[in-house]
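Chain by chain, the residues:
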Amino acid sequence: PPKDTGGREDVVYNIICKSCSSRRGVCTRCGDNVQFVPRQLGLIDSKVYISDLLAHTQYTFEIQAVNGVSDQSPYSPQFASVNITTNQAAPSAVSIMHQVSRTVSSITLTWSQPDQPNGVILDYELQCYEKELSEYNSTTIKSYTNTAVIGNLKAGTIYVFQVRARTVAGFGRYSGKMYFQTMTEAEYQTSIQEKLPLIIGSAAAGIVFLIAVVVIIIVCNRRRGFERAESEYTDKLQHYTSGHGLFDQSRKRWRHKETTAMKEAGHRSSCVPLRDKDGPASAAAGHVSAGTRLQSRNCSKEVWRAKHCN
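Keep in mind it's a predicted model, so treat the numbers as computed, not measured. (Residues numbered from 1 in each chain as written. Predicted model: local features only at pLDDT ≥ 70, side-chain atom pairs only at ≥ 80, totals over all residues. Heavy atoms only, no water.)

Undergrad: Looking at this structure, I do not really get the overall build of the protein chain. What am I missing?
TA: What the protein chain contains, in helices and strands, is two helices and 17 strands. A burial count over the protein chain gives 23% of its 310 residues as buried. Here the contacts in the protein chain between residues at least 6 apart in sequence split such that 57% fall between residues at least 24 apart. Total accessible area on the protein chain is roughly 22,900 Å²; 54% of this is exposed by carbon and sulfur atoms. (Helix = DSSP H or I, 4+ residues; strand = E, 2+ residues; numbered from the N terminus. Buried < 20%, exposed > 50% of the residue type's maximum accessible area, 1.4 Å probe, protein only. Contact = heavy atoms within 4.5 Å. Areas by Shrake-Rupley, 256 points an atom, 1.4 Å probe, with all protein chains shown as cover.)

Undergrad: Explanation requested: the packing of aromatic side chains in the structure shown.
TA: Tallied over the entire structure, the rule returns four aromatic pairs. Ring geometry for Trp111 against Tyr124: centres 5.6 Å apart, planes inclined by 70 degrees, an arrangement best described as edge-to-face. Of this pair, Trp111 sits in strand S8 (residues 107-111) while Tyr124 sits in strand S9 (residues 123-130), placing them 13 residues apart in sequence. In terms of burial, Trp111 and Tyr124 fall into one category: buried. With a centroid separation of 6.5 Å and an interplanar angle of 45 degrees, the aromatic rings of Tyr159 and Phe161 are classed as tilted. On the basis of relative accessibility, which here comes to 5%, the residue Tyr159 falls in the buried class. We note Arg164 situated over the ring of Phe171; from NZ or CZ to the ring centre the distance is 4.2 Å. Against the face of Phe171 rests Arg166, its NZ or CZ located 5.8 Å from the ring centre. (Phe/Tyr/Trp six-rings, centres within 6.5 Å; stacked < 30°, edge-to-face > 60°. Lys NZ or Arg CZ within 6 Å of the ring centre and 35° of its normal.)

Undergrad: Can you help me understand unusual backbone geometry in this one?
TA: A negative phi holds for most residues other than glycine; trans holds for most peptide bonds. Note the cis peptide between Val37 and Pro38, where omega equals 10 degrees. A positive phi angle, close to 60 degrees, is found at Asp52, a residue other than glycine. Relative to the helices and strands, Asp52 is located in the loop between strand S4 (49-51) and strand S5 (58-66). Accessibility expressed as a relative area gives 47% for Asp52, which makes it partly exposed.

Undergrad: When you look at the layout of surface pockets in this model, what are you seeing that I'm missing?
TA: In this approach, a probe sized like a water molecule rolls over the atoms, and the result shows the empty space that is left. Roughly 750 Å³ of volume is contained in the largest pocket. Forming the boundary of the largest pocket are 32 residues, of which Pro2, Gln64, Ala65, Val66 and Gln78 lie nearest the centre. Contributions of two or more residues to the lining of the largest pocket are made by strand S1 (12-20), S5 and strand S6 (79-85). Partitioned by chemical class, the residues of the lining of the largest pocket number 19 nonpolar, nine polar and four charged. (1 Å grid on protein atoms, 1.4 Å probe; cavity = no way out; pocket = protein on both sides within 12 Å on 5 of 7 lines; lining within 4 Å. Points joined across faces, edges and corners; volume = space filled by probe spheres on them. Nonpolar A, V, L, I, M, F, W, Y, C, P; charged D, E, K, R; others polar.)

Undergrad: I would appreciate a short explanation of the sheet that holds S6 in the present structure.
TA: What links the strands of a sheet is backbone hydrogen bonding, and the strands pair in either a parallel or an antiparallel sense. Across the sheet, which stays open at both edges, the four strands sit in the order S2-S1-S5-S6 with antiparallel pairing between neighbours. The open sheet has two edge strands, strand S2 (27-29) and S6, and neither has a second partner. Within the sheet, the average angular offset between the axes of one strand and its neighbour, ignoring direction, is 30 degrees. Sheet topology places S1 next to S2; three bridges connect them, and they run antiparallel. Directly across from Ser19, in S2, lies its bridge partner Thr28. (Pairing = 2+ DSSP bridges. Axes fitted to C-alpha atoms, helices over the stretch in contact; angles between N-to-C directions.)

Undergrad: When you look at the confidence of the model for the protein chain in this model, what are you seeing that I'm missing?
TA: Caution is warranted with low-pLDDT regions, since their predicted coordinates should not be read in detail. Model confidence for the protein chain is summarised by a mean pLDDT of 79, while 74% of its residues fall at 70 or above. In the model, residues 269-310 has pLDDT below 50 throughout and makes 38 contacts with residues more than four positions away in sequence or in other chains. (pLDDT = per-residue confidence, 0-100.)

Undergrad: Got a minute to help me understand the pattern of salt bridges in this structure?
TA: Pairing is possible between side chains that carry opposite charge, provided their charged atoms lie close to one another. Counted by the stated rule, this structure contains six salt bridges. The salt bridge partner of Asp123 is Arg166, with a shortest N-O separation of 2.8 Å. With Asp123 in strand S9 and Arg166 in strand S12 (residues 158-167), this residue pair connects regions lying 43 residues apart in the sequence. Take Asp123: its relative accessible area is 2%, and that puts it in the buried class. Residue Arg166 is classed as partly exposed on the basis of its relative accessible area, which comes to 25%. (Salt bridge = Lys/Arg side-chain N within 4 Å of Asp/Glu carboxyl O.)

Undergrad: Just to check I follow, could you spell out the state of the cysteines for this structure?
TA: What is meant by a disulfide is a covalent connection between two cysteines, made through their sulfur atoms. One pass over the structure, following the stated rule, counts two disulfides. Linked covalently through their sulfurs, Cys20 and Cys27 form a disulfide whose S-S length is 1.9 Å. Between Cys20 and Cys27 the disulfide shows an S-S torsion of about 105 degrees. By sign, it is right-handed. Taking the relative accessible area as the measure of exposure, Cys20 reaches 11% and is therefore buried. Residue Cys27 is classed as partly exposed on the basis of its relative accessible area of 38%. Assigning the bonded cysteines of the protein chain consecutive numbers by sequence position, one obtains the connectivity 1-4, 2-3. (Disulfide = S-S within 2.5 Å.)

Below you can see the structure in the form of structure tokens.
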């Protein structure tokens, strides 16, 4: 009971039930299938029996204490919350089963999860037997997924299949009986012939794809080789051009220095008398006769004649 009754003795209790999804984290009001004994609203005693809850489900129960004047309050009723999670239970029956493929000796089946798993599905048990035989001659196959391949079957034979799921609480009920037939030898040969063009086309497409891949790889490798060779040629050309430019500049500087030196030498040059035909005696006397050849030191290489050179 509440610590403060508000000075009134007409205190009763209301139970608000909410079911919560562990994945979405959203709570919604419980359905009408949940049963409260003796009732859900207006409880005089501080206890209630709740039944018909879903297995492996989280519930939140809000317990409100109200009296005859609570409806006149502008505030919402205060409450205490209780969170519980129900235990796992055996799952419900599997409702749908489909045939994925078949051969002369095998059938591949798939089925839906039970509408009410009531816990974590651990595995499935598949029961199989020939339609012409009784259920006591059945074979059971365990599968950890909702798909199974059943082999070692007879060609052209109808088989009966049933499946059930299991949690930690045990197995659920078997599904309804489903009938599937293996292929006959004639049907198998016909299917192979029908699929032969598709197989050939797929193989041809695969070969074409591999050839295209090889061609692309070869082209890319050649392009890389060309780019590498072009890069090396460009580097060498730049190196040669740089060295040739330095050589031209050095040669220009050398020519400039040579020209400057020749001009300076031309200003300082004087006439040098050459040996006269008359012999060294005349030259020693300091006299040069007419017709004597003189050469200038200004490097003009001009031969000229003068009468006198003082």
